[in-house]
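Architecture and fold: a report
Listed here are the chains, written in short residue letters.
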Amino acid sequence: MASLQPHLTSLLKSLPPSPADKEALDKLVEHTLLETKNKSSPENKKSQWEYLLKNDIFLLAASEGTALKSDEQKYYTQLCEKLDVILTFTEQDACEPSFPLIVLQDLLETQTIASCSHIFSWIESRADRLTEGMIPQKGKALILLRTLNDLLRRLSKMGTTTIFCGRILTFLSGVFPLGERSGVNLRGEYGPTWEGVLFTDKAKPDNSSADVRAEENKVNGPTQENIKDSEKMEVDEKKALPVQTPAEKKEDFYNTFWSLQLPFSKPSLFAQKTTFEEFKEAVGKVMPVIKEATAKERAMMGSRSGVGNLGTLKRKRDSEEETNSNEYFFAKFLTNPDLLDLEIADTHFRRQFLFQLATLLNHLLNFTKTAKAAWYTVRNRSLQMDFTLEDLEVQWVQDTLTKITEELRQTTPNGRTFADTVNVILERERNWVKWKNELCTPFDREPWSQDINGEKVDFFEATKGDREQLRKPPSEWQWKMGTEALTEIWDMGYTNLEDLKMPFQPGDVKDFVKKIKQEDARISLRNQRLEKMAALAKSRAASAANQAKSATPNPPPTIVVSAESSTPVKSETATTRAEPAPGTLAAPRPISAVSNSPIHPSLPPKPGSPSKLASSSQEPVKIVNSSPNVGPAPLPVSTPVPAASPAPTPVPVPTDPEITKYEDNKQRWAWLALRAARDQYLQHFGRIGTGDIEALAQEIEKEKDKPQRMEDVASSTIGEEQGSGSPSFGQLQRDTEGDVKMEG
């Protein structure tokens, strides 16, 4: 051990300035271990290094009082450097894995609270290295948990150390898993039981005069006055009811108030039959006093705000409330009888009592018949209690909880915020108790994964294709107004709510004629384009055939003898008809628009009905001899006559989809025109021949012109008659109406 001390001293002197770099410190420690490799046995090396390192840091810790007086920052810097050296030795496998935590445990027990705060800051900064490889409920985890719990016991529950307590609890919640059982009261044990207090009043009533009078009666006998007084007292005692004096009331309330602390600290007492009734009676006595104190405080706050400058007092009161809330802490109860009235007048004391009462009542709701059926099992026997709330008792508990919440809302300052916070705490407590009653079942779940090609991938990778598809711009919607029905209504002219007030107007026939002509123009333009494409394909096919013909020798002509004539006919190998190249569209055949219609045989077919294609069959061509004297030449016997081949089956020409759509549009406009004209111009349907909507429009225009011409002729005739003294047109109309009525 003496051989290792110089090397440790040399290492500490060669440390880099704070904050030390981890890589530099690792190199220094590694170099020191290589130098001392052969200076001690492997069995004792770890223990020797642990003794030297622990002795060195505790020599520094022993000088805490003197070091803090001279240079506080220097002391804490040296302390953190030595802790870094210990941690680095442990990482180099020169010490046991739990050695740094053992040193911290002993160090935190010997240092002041201020120094412990600086040491804990070092623990927070080295948390990843200290907890590396730590298994809960084993090894280093138990030492760390014991160390920090001992530190929490040293800290006070008030003043500035409250923040330090919160730092420790936050560190523990981050280091240990969320479902760690080490912080759970698995046995269901309660805290220390309330020992109880007795009422001791120094100002007791003076009974000396009564004692003197009793002694006189014993010695001298009862006098006349004494007899009269005794008779009066007996009569008064018989007539008067038992009335408590203020002192007795004070003593009774004192005993009742502090007796509630016993069930608060030990709820298992409710297993006794009389406990709940006594508890209910005590709460009934205390709650009115609490409510009266709250009302009195609110009245005083209101009276203060009504005196003097309202704005100044309000700002002053708000600042006082903020200061009191910042300096507020939970102190230990003071049970002196003279202080009880002052304690109840304090807002924080009343809140503390009401919060205790709400916590106990919330706990009792776990023992209803319905709640116990959910968690009452054999395994959590330690948490059970032979107590069940009846229906009336459950109703009383719920009503009392409602009163407590309302009372907390009425207290100042920030009553509503405090009441909401209490409700949140109680809700979390119910969830915590439920988890504990279920024996702390693990509630953390594995991350989502999916098997793709035999490999587990996370959610991000599994949804990569879907997310890329969602980023693409959406395709254009075929209905510009959202749906087919709305688009049709919009096209009919209904663009706002005012249009719905007007009667339905299907439109004019002339408008539909224009739309049909537009469709004809589109069809003509499409046919021209298809013809150009077919001619281009034909020229390409002809050029390809010419190239193939020039590349191959010409075959001898085949002689075919016709069945009707004996003249042989040469058959050329090259066809005179060029077929379209594959992949190109041929010019479509004209589609007959004439089909049977339920209204008239000559009307166009209804949109959506199958249209009949024109027949494409070819009739055989007969050759007639023009010379009457020349007969048919006889066939040579030696020439074989080949069998006539069947006529080739006509290949259906594919229709163009755009032209088909335009034809459907034409039929649609035609039917809409017929529907618009059927009410007034149905008589013209038989004159339009093959369903020509343009002819129907012309007939309608002629009919519209007839009344105008008749009115012009009638007006001219009436003018001539009036000039010659004939009766007026109105008189003729009245006479005509009269004749019609007489005839009727």
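For the protein, an unreviewed UniProt entry supplies the name THO complex subunit 1 and the organism Psilocybe cubensis.

So, about the overall build of the protein. Along the backbone of the protein there are 29 helices and 4 strands. Considering only residue pairs separated by 6 or more positions, the protein has 67% of its internal contacts joining residues 24 or more positions apart.

Sheet topology places strand 1 (residues 449–452) next to strand 2 (residues 455–458); 4 bridges connect them, and they run antiparallel. Within the sheet, the bridge partner assigned to Asp451 lies in strand 2 and is Lys456.

Here we come to helix 13 (residues 246–259). Relative to the 20 Å expected for 14 residues at 1.5 Å per residue, helix 13 spans 20 Å between its end C-alpha atoms, a close match to the ideal helical length. If you check which residues of helix 13 are buried, you get Phe253, Tyr254, Thr256, Phe257 and Trp258.

With that out of the way, let us pick up the nonpolar core. Membership of the largest hydrophobic core comes to 52 residues, with the highest contact counts inside it found for Trp49, Leu53, Phe89, Leu104, Ile123 and Ile168. With residues near it in sequence (within four places) discarded, Leu53 still touches Leu8, Val85, Ile86, Phe89, Cys95 and Phe99.

Here we take up the packing of aromatic side chains. Going through the model one piece at a time under the given rule, you end up with 20 aromatic pairs. Each ring, one from Trp194 and one from Trp258, has its centre 5.8 Å from the other, and the planes form 10°; the classification is stacked. Taken together, the residues span a long stretch of sequence, with Trp194 in the loop between helix 10 (161–175) and helix 11 (208–220) and Trp258 in helix 13 at a distance of 64 residues. Of the residues examined, Trp258 reaches a relative accessible area of 2% and is grouped as buried.

So, on to the packing of helix 20 (residues 391–410) against helix 21 (residues 415–437). Running from amino to carboxyl end, helix 20 crosses helix 21 at an angle of 145°, the nearest separation of the two axes being 6 Å. The residues of helix 21 that touch helix 20, namely those facing Thr405, Leu408 and Arg409, are Gly415, Arg416, Phe418, Ala419, Asp420, Val422 and Asn423. Of the residues belonging to the contact of helix 20 with helix 21, the class tally is 4 nonpolar, 3 polar and 3 charged.

Turning our attention to the pattern of salt bridges. For the structure on display, the rule yields 22 salt bridges. A salt bridge links Lys285 to Asp252; its shortest N-O distance comes to 3.7 Å. Of this pair, Lys285 sits in helix 15 (residues 275–305) while Asp252 sits in helix 13, placing them 33 residues apart in sequence. Residue class for Asp252 comes out partly exposed when judged on its relative accessible area of 30%. A salt bridge links Arg522 to Glu519, with the nearest nitrogen and oxygen atoms 2.9 Å apart. Remark: Glu519 and Arg522 occur in helix 26 (residues 509–551); sequence separation between them is 3 residues, near one turn of the helix. Given the relative accessible area of 36%, Arg522 is considered partly exposed. Glu519 gets classed as buried once you look at its relative accessible area, which sits at 5%. Put simply, Asp252, Glu281 and Lys285 are held in one network by salt bridges that share partners.

Under the 1.5 Å per step criterion, the end-to-end length of helix 3 (residues 42–62) is 31 Å for 21 residues, consistent within 8% with the ideal 30 Å. Burial in helix 3 covers these residues: Gln48, Trp49, Glu50, Leu52, Leu53, Ile57, Leu60 and Ala61.

One can find Leu107 in helix 6 (residues 99–110). The spacing of Leu107 and Ile57 is 50 residues in sequence and 8.8 Å in space, taken between C-alpha atoms. Look past the residues within four positions of Leu107 in its chain and what remains in contact with it is Ile57, Phe58, Ala61, Leu79, Leu83 and Ile119.

In this section: unusual backbone geometry. Omega for the bond connecting Thr412 with Pro413 falls within 30 degrees of zero, at 0°, which places this linkage in the cis form. For Pro413, the location among the structural elements is in the loop between helix 20 and helix 21. Residues other than glycine seldom take positive phi values, yet Asn414 does so here, at roughly 55°. With respect to the element layout, Asn414 can be found in the loop between helix 20 and helix 21. For Asn414, a relative accessible area of 56% translates into the label exposed. Positive phi, close to 55°, is recorded for Asn453, a residue that is not glycine. Within the secondary structure, Asn453 is located in the loop between strand 1 and strand 2. The exposed category is assigned to Asn453, whose relative accessible area is 81%.

So, about the side chain of Gln356. In this structure, Gln356 sits in helix 18 (residues 347–364). In this structure the side chain of Gln356 is engaged in a polar contact, spanning 3.2 Å, whose partner is the side chain of Gln261. Setting aside residues up to four positions removed in sequence, Gln356 forms contacts with Gln261, Phe264 and Phe333.

The next subject is the side chain of Glu64. Of note, Glu64 is situated in helix 4 (residues 64–70). Of the side chains bearing the opposite charge, Arg154 lies closest to the buried Glu64, which forms no salt bridge; the N-O distance is 8.2 Å.

This prediction gives the protein a mean pLDDT of 74; 68% of its residues lie at or above 70. Taking the mean pLDDT of every element in the protein, the minimum, 39, falls on helix 29 (residues 729–743) and the maximum, 94, on helix 20. Predicted confidence is poor over residues 202–231, with pLDDT under 50, and the contacts of this stretch with residues over four places away or in other chains come to 6 contacts. Within the model, the stretch residues 233–240 combines pLDDT values under 50 with 0 contacts to residues more than four positions away or in other chains.

Each value, and the rule that gives it
Residues numbered from 1 in each chain as written. Predicted model: local features only at pLDDT ≥ 70, side-chain atom pairs only at ≥ 80, totals over all residues. Heavy atoms only, no water. Helix = DSSP H or I, 4+ residues; strand = E, 2+ residues; numbered from the N terminus. Contact = heavy atoms within 4.5 Å. Pairing = 2+ DSSP bridges. Expected span 1.5 Å × (residues − 1). Buried < 20%, exposed > 50% of the residue type's maximum accessible area, 1.4 Å probe, protein only. Core = buried A, V, L, I, M, F, W, Y, C linked by side-chain atoms within 4.5 Å. Phe/Tyr/Trp six-rings, centres within 6.5 Å; stacked < 30°, edge-to-face > 60°. Axes fitted to C-alpha atoms, helices over the stretch in contact; angles between N-to-C directions. Nonpolar A, V, L, I, M, F, W, Y, C, P; charged D, E, K, R; others polar. Salt bridge = Lys/Arg side-chain N within 4 Å of Asp/Glu carboxyl O. Polar contact = N/O pair within 3.5 Å; in protein donor to acceptor, adjacent residues only side chain to side chain. Lys, Arg positive; Asp, Glu negative; His and termini not counted. pLDDT = per-residue confidence, 0-100.

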